[in-house]
Amino acid sequence: METGKRMRKARNLRYSMRKKGYYFKRGECVAVMPEDYRQRSRLQERRLAALGYTIQYNMFNFKKEQS
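Residues numbered from 1 in each chain as written. Predicted model: local features only at pLDDT ≥ 70, side-chain atom pairs only at ≥ 80, totals over all residues. Heavy atoms only, no water.

What follows is about the sheet that holds strand β2 (residues 30–32). Across the sheet, 3 strands lie side by side as β1-β2-β3; this open sheet has mixed pairing. Both outer strands of the open sheet, β1 (23–25) and β3 (54–56), are each paired with one neighbouring strand and no more. Pairs of neighbouring strands in the sheet enclose a mean axial angle of 30 degrees, with direction left out of account. Relative to β2, β1 is paired through 3 bridges, and the arrangement is antiparallel. (Pairing = 2+ DSSP bridges. Helix = DSSP H or I, 4+ residues; strand = E, 2+ residues; numbered from the N terminus. Axes fitted to C-alpha atoms, helices over the stretch in contact; angles between N-to-C directions.)

Structure (structure tokens):
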């Protein structure tokens, strides 16, 4: 797969997952699961894992800082 197409696919996937409550750490390929597990999407998690991301449980109630 071309790098441009791969980057676009990852960006679109991150966007749709952010709307469901996932958080992404910059610099690292880590996605933090949403607090509400009903919003979890295993299919999108598999697609993200195929792009090299790891999924992290939200054990410490990580919330995005509002600036």
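That shown, we press on.
Another aspect to go through is the side chain of Glu45. Structurally, the position occupied by Glu45 is in helix α2 (residues 42–50). Classification of Glu45 by relative accessible area gives buried; the value is 8%. Side chain to side chain, Glu45 and Tyr22 meet in a polar contact 2.6 Å long. When neighbours within four sequence positions are excluded, Glu45 is seen to be in contact with Met17, Tyr22, Met33, Arg40 and Ile55. (Buried < 20%, exposed > 50% of the residue type's maximum accessible area, 1.4 Å probe, protein only. Polar contact = N/O pair within 3.5 Å; in protein donor to acceptor, adjacent residues only side chain to side chain. Contact = heavy atoms within 4.5 Å.)

Among the nonpolar cores identified, the biggest contains 10 residues, and these are Ala10, Leu13, Met17, Tyr22, Phe24, Ala31, Met33, Leu48, Leu51 and Tyr53. A per-element tally of this core places helix α1 (residues 3–19) first, with 3 residues. Sequence-distant contacts of Met17, defined by excluding residues within four places in its chain, comprise Tyr22, Phe24, Gln44, Glu45 and Leu48. (Core = buried A, V, L, I, M, F, W, Y, C linked by side-chain atoms within 4.5 Å.)

Let us look at α2. Taken together, the buried positions of α2 are Gln44, Glu45 and Leu48. For α2, the arc enclosing every buried residue in end-on projection is 105 degrees, short of the 170-degree limit, so these residues lie on one face. The outward face of α2, more than 90 degrees from its buried face, is lined by the exposed residues Arg42, Arg46 and Ala50. Packed against the buried residues of α2 are α1, β1, β2 and β3. (Arc of directions from axis to C-beta.)

Attention now goes to the side chain of Ser41. By the secondary structure assignment, Ser41 is in the loop between β2 and α2. A relative accessible area of 11% means that Ser41 is categorised as buried. Looking at Ser41, its side chain comes within polar contact range of the main-chain nitrogen of Gln44, at 3.3 Å.

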